[in-house]
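Coordinate inspection notes
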Amino acid sequence: MPSLQSLTLPELTPTVLEALRCQGVTTLEHFLTRVDPLEIPDEAGGGTSKVLEAILRHIQDVYAPPVLTGIELEAELRRTRYASTGCQSLDGLLRGGLRSSHVYEVTGVSGSGKTQVCLSAVASYIGEGHTGNAVYVDTSNSFSAERVTRILRDRFGRTQNASVVLENLKVVRIFDSYSLLALVDELHVQQAASVGMLVIDSLSALIGPLIGRGQSQGHNIMISLGNSLRQLALDRQVTVLYTNHSVGGSRQEEQPTAEAKPALGVSWKNQPHVRVQLALPSRTTDDGQRLARVLTGVEPAEAVFYITEGGLRSA
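In this report, the structure presented in the accompanying data block is examined. (Residues numbered from 1 in each chain as written. Predicted model: local features only at pLDDT ≥ 70, side-chain atom pairs only at ≥ 80, totals over all residues. Heavy atoms only, no water.)

The next subject is the packing of aromatic side chains. Within this structure, the stated rule accounts for two aromatic pairs. Seen in terms of ring centroids, Tyr242 and Trp268 are 5.9 Å apart; in terms of plane orientation they differ by 80°. Their pairing is edge-to-face. Placement of Tyr242 in strand S7 (residues 239-247) and of Trp268 in the loop between strand S8 (261-262) and strand S9 (274-279) is noted, with a sequence separation of 26 residues between them. When sorted by exposure, Tyr242 lands in the same class as Trp268, which is buried. Here Arg313 stacks its cationic end above the ring of Tyr306, 4.6 Å away from the centre of that ring. (Phe/Tyr/Trp six-rings, centres within 6.5 Å; stacked < 30°, edge-to-face > 60°. Helix = DSSP H or I, 4+ residues; strand = E, 2+ residues; numbered from the N terminus. Buried < 20%, exposed > 50% of the residue type's maximum accessible area, 1.4 Å probe, protein only. Lys NZ or Arg CZ within 6 Å of the ring centre and 35° of its normal.)

A few words now on unusual backbone geometry. The residue after Asp201, namely Ser202, is reached through a cis peptide bond having omega 10°. Positive phi outside glycine occurs at Arg95, with the angle close to 60°. If you check the backbone angles, Ser101 has positive phi at about 70° while not being a glycine. Turning to its location among the elements, Ser101 is positioned in the loop between strand S2 (98-99) and strand S3 (103-108).

With that settled, consider the environment of Glu128. Within the secondary structure layout, Glu128 lies in the loop between helix H6 (114-127) and strand S4 (133-138). When the C-alpha positions of Glu128 and Ala83 are compared, they lie 8.1 Å apart, and in sequence the two are 45 residues distant. Setting aside its immediate chain neighbours within four residues, Glu128 contacts Ala83, Ser84, Arg155 and Phe156. Within the local environment of Glu128, its side chain forms a polar contact with the side chain of His130, the two groups lying 2.6 Å apart. (Contact = heavy atoms within 4.5 Å. Polar contact = N/O pair within 3.5 Å; in protein donor to acceptor, adjacent residues only side chain to side chain.)

Helix H7 (residues 145-156) packs onto H6 with a crossing angle of 55° between their chain directions and a minimal axis gap of 9 Å. If you check the angle between H6 and H7, you find them oblique. In the packing of H6 onto H7, the handedness of the crossing is right-handed. Contacts between H6 and H7 pair Gln116, Leu119, Ser120, Val122, Ala123, Ser124, Ile126 and Gly127 from the former with Arg147, Val148, Ile151, Leu152, Arg155 and Phe156 from the latter. Considering only residue class, the contact of H6 with H7 consists of eight nonpolar, four polar and two charged. (Axes fitted to C-alpha atoms, helices over the stretch in contact; angles between N-to-C directions. Parallel < 35°, antiparallel > 145°, perpendicular 65-115°, else oblique. Left-handed = near helix turned anticlockwise from the far one by under 90°. Nonpolar A, V, L, I, M, F, W, Y, C, P; charged D, E, K, R; others polar.)

Fair warning: the whole summary comes from geometry, so function is off the table for now.
See the structure below:
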């Protein structure tokens, strides 16, 4: 969220901004998370209430979900495009694949296939020739151009023109949350349709260390990033896909997905539109089998898929 000074509200005069700055309030995050009452000078009548109403009105106009009519909702559905994950069973689990204007979370314990799903999805996106580049944010040095090329070759039969297709994939290595926030803001102001898919592997690697006990600033950064990702998806018709590691659970359980929980906690639960949890099978196998389960929705659904040399394969 932006600084208060950048809002250009007439109520936020230099005197008011300075008074807020002295109280540690310089951004909208500071304003929204403020616990103690604010002391604001009364310059033109109305005092504190007038300034508060102006800021809250701005937040409602810019960040509150728009009220849409049935006709507008139908038009939005017609604009929706679907990108394949590269696996028919996962596409079926997601009711058609990855939708534009949606934020997807892939969570799971180490080795469950989160990065493989990301690589398969981004390869399928550029291979299918969708409008807009794909941006892959690598936060743990796990991106493999060789893997993407192999998936493209096996799924689409491309060999000679693989390098041309890969021109539509931009890889960015980021290792701190501030740089990621800056990138998301940059993508938001770019020309419409310049980016169609944003993949972040792994989001929890950046945010996790910031949200320990007593780290209120880290929590604010997490919420700000979540809002920015949703806003990017909605405003620019971007498909956002990120990974979040899970903690707990055991592959020896009859239902291995039952105990494992996404690491970013309850406060992050409502940020993604769709949350998919991956798990290893209850018994060790050598065929690359993985279990996928959609955690959002009234009736959670499940699917089985396999990780192979050529990408993901349905059961």
